[in-house]
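# Secondary and tertiary structure notes
Okay, here's what each chain looks like letter by letter:
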Amino acid sequence: MRNKSSLPPVLTNLSLQTVLSFSVFLMISSTSAAQNVRQRDVTWIWPVGEVLRLQGCEVKEEFGSDGVRKVYIKRDGDEEWIPFYVDERNVGVTLGHRKQLVLINDCPATKFCKVMAVDLASRKSKQIDLWAIRMYRRNAAPDNSLIIIPQAYAFSPDDRQVLVNMEHIYTSVSTAEMAAQLSKTYKNWWYIVDSTNGRVLREYRTSKLPPRWWLK
């Protein structure tokens, strides 16, 4: 939101959940201090150079010999570090229960994020939020002034499903009154998507989820 002065836009009407758990995605610099956050009983880390522990594995971020900044993982039994993702700016990472898939919230820009899944065996990544984004836009019909980003929260116990939330992070309008009014129209919905192809398995048209949100 931009006020009557020439000050830059500010974030408006962030949910408390977003402020506490995912404010790291809204930071301007990717060189912020390393983060370790528990969300829905899942540990997320934001590697920024030092080696971090994640579910018994080690994760780090560093520049490769090609000059590209990458995220690496080393599991028990791995002889070498595995480079599995290119970090353009700011990535949050969590590991599947079977330690074969990595779930990533990748935010290459301040108001843009995407959900990625990486298969460590093939080292191939796939964006898995596109079906959910299209369904949300069609069914929730959010105002274009509401900047809403997909955010992954967790794998299902078998790693076949991923929980994704459509989070309102910003309102692009000229006054606080307009921002407050438009923010009331935001629908905080959740999606269960297939972890391999992003196909939507279920749409939760509510902000409250059951503890066992996954499908059997």
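Quick caveat: nothing in here was measured; it's all calculated off a predicted structure. Chains are numbered independently. Their residues run from 1 in the order of the written sequence. Predicted model: local features are reported for residues with pLDDT of at least 70 only, side-chain atom pairs are reported and counted for 80 or more only, and whole-chain, interface and lining totals are derived from all residues. Just so you know, side-chain values use all the structure's heavy atoms and leave hydrogens and water out.

### Observations regarding the nonpolar core
Note on soluble globular proteins: their nonpolar side chains tend to be buried together. Which entries qualify depends on this criterion: Buried Ala, Val, Leu, Ile, Met, Phe, Trp, Tyr and Cys residues form a nonpolar core when they are joined through side-chain atoms within 4.5 Å. With a 1.4 Å probe rolled over the protein chains alone, any residue whose accessible area is under 20% of its type maximum counts as buried; one over 50% counts as exposed, and the rest are partly exposed. Contact definition: two residues touch when any of their heavy atoms are within 4.5 Å.
Membership of the largest hydrophobic core comes to 37 residues, with the highest contact counts inside it found for Leu103, Ile128, Tyr136, Val162, Met166, Tyr191 and Val193. Setting aside its immediate chain neighbours within four residues, Val193 contacts Ile128, Ala132, Arg160, Gln161, Val162, Val164, Gly198, Arg199, Val200 and Leu201.

### Observations regarding the pairing of strand β14 (residues 200-204)
Definition in use: For two strands to be treated as a pair, DSSP must find at least two bridges joining them. For helices the rule is a DSSP run of H or I covering at least 4 residues; for strands it is a run of E covering at least 2, with both sets numbered from the N terminus onward.
Relative to β14, strand β13 (residues 190-194) runs antiparallel, the two being bridged by four bridges. Bridging across to β14, Ile192 finds its partner in Arg202.

### So, the side chain of Asp87
Our working definition: As used in this structure description, the phrase polar contact means that two N or O atoms lie within 3.5 Å; if the pair is within protein, one of them must be able to donate a hydrogen and the other to accept it, and residues adjacent in sequence are counted only when both atoms belong to side chains.
Within the fold, Asp87 resides in the loop between β6 (82-86) and β7 (91-95). Looking at Asp87, its side chain comes within polar contact range of the main-chain nitrogen of Arg89, at 2.9 Å. Looking at Asp87, its side chain comes within polar contact range of the main-chain nitrogen of Asn90, at 3.1 Å. Contact partners of Asp87, with chain neighbours within four places excluded, come to Pro47, Glu61, Arg69, Lys70 and Val71.

### A closer look at helix α3 (residues 176-183)
Spelled out, the test is: Comment: arc refers to directions from the helix axis out to C-beta atoms.
Here α3 has its buried residues at Ala179, Leu182 and Ser183. End-on, the buried residues of α3 take up no more than an arc of 100 degrees, which puts them together on one face. Of the exposed residues in α3, the ones pointing more than 90 degrees away from its buried face are Glu177 and Gln181. Against the buried residues of α3 lie β11 (146-155) and β12 (161-171).

### Notes on the state of the cysteines
Just so we agree on the cut-off: Pairs of cysteine sulfur atoms within 2.5 Å are identified as disulfides in what follows.
Within this structure, the stated rule accounts for one disulfide. Here Cys107 engages in a disulfide with Cys113; their sulfurs sit 2.0 Å apart. On the sign convention where negative is left-handed, the bridge of Cys107 and Cys113, at about 105 degrees about the S-S bond, is right-handed. One exposure class covers both Cys107 and Cys113, and it is buried.

### Topic: the packing of aromatic side chains
Two numbers describe a pair of aromatic rings. These are the distance of the centres and the angle of the planes. We count it as follows: Classification of ring pairs uses Phe, Tyr and Trp, with its six-membered ring standing for Trp, and accepts pairs whose centres are within 6.5 Å; under 30 degrees between planes counts as stacked, over 60 as edge-to-face, and the remaining range as tilted. Throughout this description, the term charge over a ring refers to an Arg CZ or Lys NZ atom that lies within 6 Å of the ring centre and within 35 degrees of the ring normal.
Tallying each qualifying case throughout the model produces four aromatic pairs. When the ring of Trp213 is compared with that of Trp214, the centres are 5.5 Å apart and the planes differ by 85 degrees; the resulting orientation is edge-to-face. Given a relative accessible area of 3%, Trp213 falls into the buried group. You can call Trp214 partly exposed: its relative accessible area is 28%. Of the aromatic side chains, those joined through ring pairs into one cluster are Tyr136, Trp189 and Tyr191. Directly above the aromatic system of Trp190 lies the positively charged group of Arg40, at a separation of 5.7 Å from the ring centroid. The ring of Trp81 carries Lys60 above its face, with NZ or CZ at 4.4 Å from the centroid.

### A look at the sheet that holds strand β5 (residues 69-74)
Cut-off, in case you're wondering: Lines fitted to C-alpha atoms define the axes here, with helix axes fitted over just the stretch in contact, and angles between the N-to-C directions of these axes take values from 0 to 180 degrees.
Spatial strand order, β3-β4-β5-β6: four strands in an open sheet with antiparallel pairing. Only two strands of the sheet have a single neighbouring strand rather than two, namely β3 (52-54) and β6. Averaged over neighbouring strand pairs, the angle between their axes works out to 35 degrees when direction is ignored.

### With respect to the environment of Ile133
Within the fold, Ile133 resides in helix α2 (residues 130-140). Excluding anything up to four places from it in sequence, Ile133 contacts Pro150 and Met166.

### A word on the sheet that holds β13
The four strands lie next to each other as β11-β12-β13-β14, forming an open sheet whose pairing is antiparallel. Looking along the sheet, the strands with just one partner apiece sit at the ends: β11 and β14. Strand-to-strand, the axes of this sheet are offset by a mean angle of 25 degrees, without reference to chain direction. Its contacts with the sheet put α2 on β11, β12, β13 and β14, and the angle it makes with β14 is roughly 40 degrees.

### Describing α2
Among the residues of α2, Ala132, Ile133, Met135, Tyr136 and Ala140 are the ones counted as buried. Looking down the long axis of α2, one finds its buried residues gathered within 165 degrees of arc, a one-sided arrangement. Across α2 from its buried face, at more than 90 degrees, point the exposed residues Arg137 and Arg138. As for α2, its buried residues are in contact with β11, β12, β13 and β14. Following α2 by one or two positions, Ala141 has its phi on the positive side, about 45 degrees.

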